[in-house]
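The lines below spell out each chain.
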Amino acid sequence: MAAETAAPDGKNKRKMMIIIMAIVVLEAALILGVVMLWAGPASVDASSMPGELDVAGGDRIVETLVLDARLPNNRTGVTYLYDTEIFVQTRERHVDRVRQELDQFQNEIRAEISAIWRTSEPHHFQEPRLDTLTRKVNSLLNQRFGVDDRSGDPIVEKCVVVMGTGFRVDS
């Protein structure tokens, strides 16, 4: 009698395991399907688009080097030289005009910017973003280049001053 009852238990265990496995697989498929439906389609990222497609008709902003020099300041009684680069940002359609003006009046522009450096206060060179110097140079260059005849906007969109730490040159 024991042999007769043992055989059905082995078959029942096997059937039970198959049923449990089928239920687990079915639940996994159901959960995966719900997640896929909920997630929706993959998101689209347009950040890899080339920049030239964003702006057309000469409205792209271009940086042009105005001056790369060592400019002095001795307002503290001690002369310091500052490695300085000055750039202007203009619309692409104005680049030729700006470069022509820079080539034609290179020394005059250099002298005017050098005068700004010589007359600036020492704390202007300590500002984190060089706001005062940038504002003075921007004003100078806006007067020099003027405004666009078509739109009435200034030709110089922005002035960028890149300056290193001053080096003491006299003892």
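Just above, that's the structure.
Residues numbered from 1 in each chain as written. Predicted model: local features only at pLDDT ≥ 70, side-chain atom pairs only at ≥ 80, totals over all residues. Heavy atoms only, no water.

Caption draft 1: Spatial organisation of the packing of aromatic side chains. What the rule picks out here adds up to three aromatic pairs. Both rings, one in Tyr80 and one in Tyr82, keep their centres 6.5 Å apart while their planes meet at 35°; by these two values the pair is tilted. Plain terms: the ring middles of Trp117 and Phe125 are 6.3 Å apart, the flat faces sit at 65° to each other, and that makes the pair edge-to-face. Relative accessible area serves as the criterion here: at 0%, Trp117 is assigned to the buried category. Here a set of aromatic residues connected by ring pairs shows up, and it is made of Tyr80, Tyr82, Trp117 and Phe125. The ring of Phe105 has Arg144 sitting right over it, with the charged end atom 5.2 Å from the ring centre. (Phe/Tyr/Trp six-rings, centres within 6.5 Å; stacked < 30°, edge-to-face > 60°. Buried < 20%, exposed > 50% of the residue type's maximum accessible area, 1.4 Å probe, protein only. Lys NZ or Arg CZ within 6 Å of the ring centre and 35° of its normal.)

Caption draft 2: Seen up close, the nonpolar core. Counting 25 residues, the largest nonpolar core has Val66, Ile86, Ile113, Trp117, Leu141 and Met163 as its most contacted members. If you list the elements that add at least two residues to this core, you get strand E1 (61-73), strand E2 (80-91), helix H2 (95-104), helix H3 (106-119), helix H4 (131-145) and strand E3 (156-163). Here this core gets five residues from one element, more than from any other, and that element is H4. The contact partners of Ile86, leaving out residues within four places of it in the chain, are Thr64, Leu65, Val66, Leu67, Ile113, Trp117, Val137, Cys159, Val160 and Val161. (Core = buried A, V, L, I, M, F, W, Y, C linked by side-chain atoms within 4.5 Å. Helix = DSSP H or I, 4+ residues; strand = E, 2+ residues; numbered from the N terminus. Contact = heavy atoms within 4.5 Å.)

Caption draft 3: Spotlight on the environment of Ser139. Assignment of secondary structure puts Ser139 in helix H4. With 20 residues separating them in the primary sequence, Ser139 and Cys159 have C-alpha atoms 9.1 Å apart.

Caption draft 4: H2, seen in detail. Of the residues making up H2, those classed as buried are Val95, Val98, Glu101 and Leu102. Take H2 and look down its axis: the buried residues cluster within an arc of 135°, on one side only. In H2, the exposed residues that point more than 90 degrees away from the buried face are Asp96, Gln100, Asp103 and Gln104. Next to the buried residues of H2 lie E1, E2, H3 and H4. (Arc of directions from axis to C-beta.)

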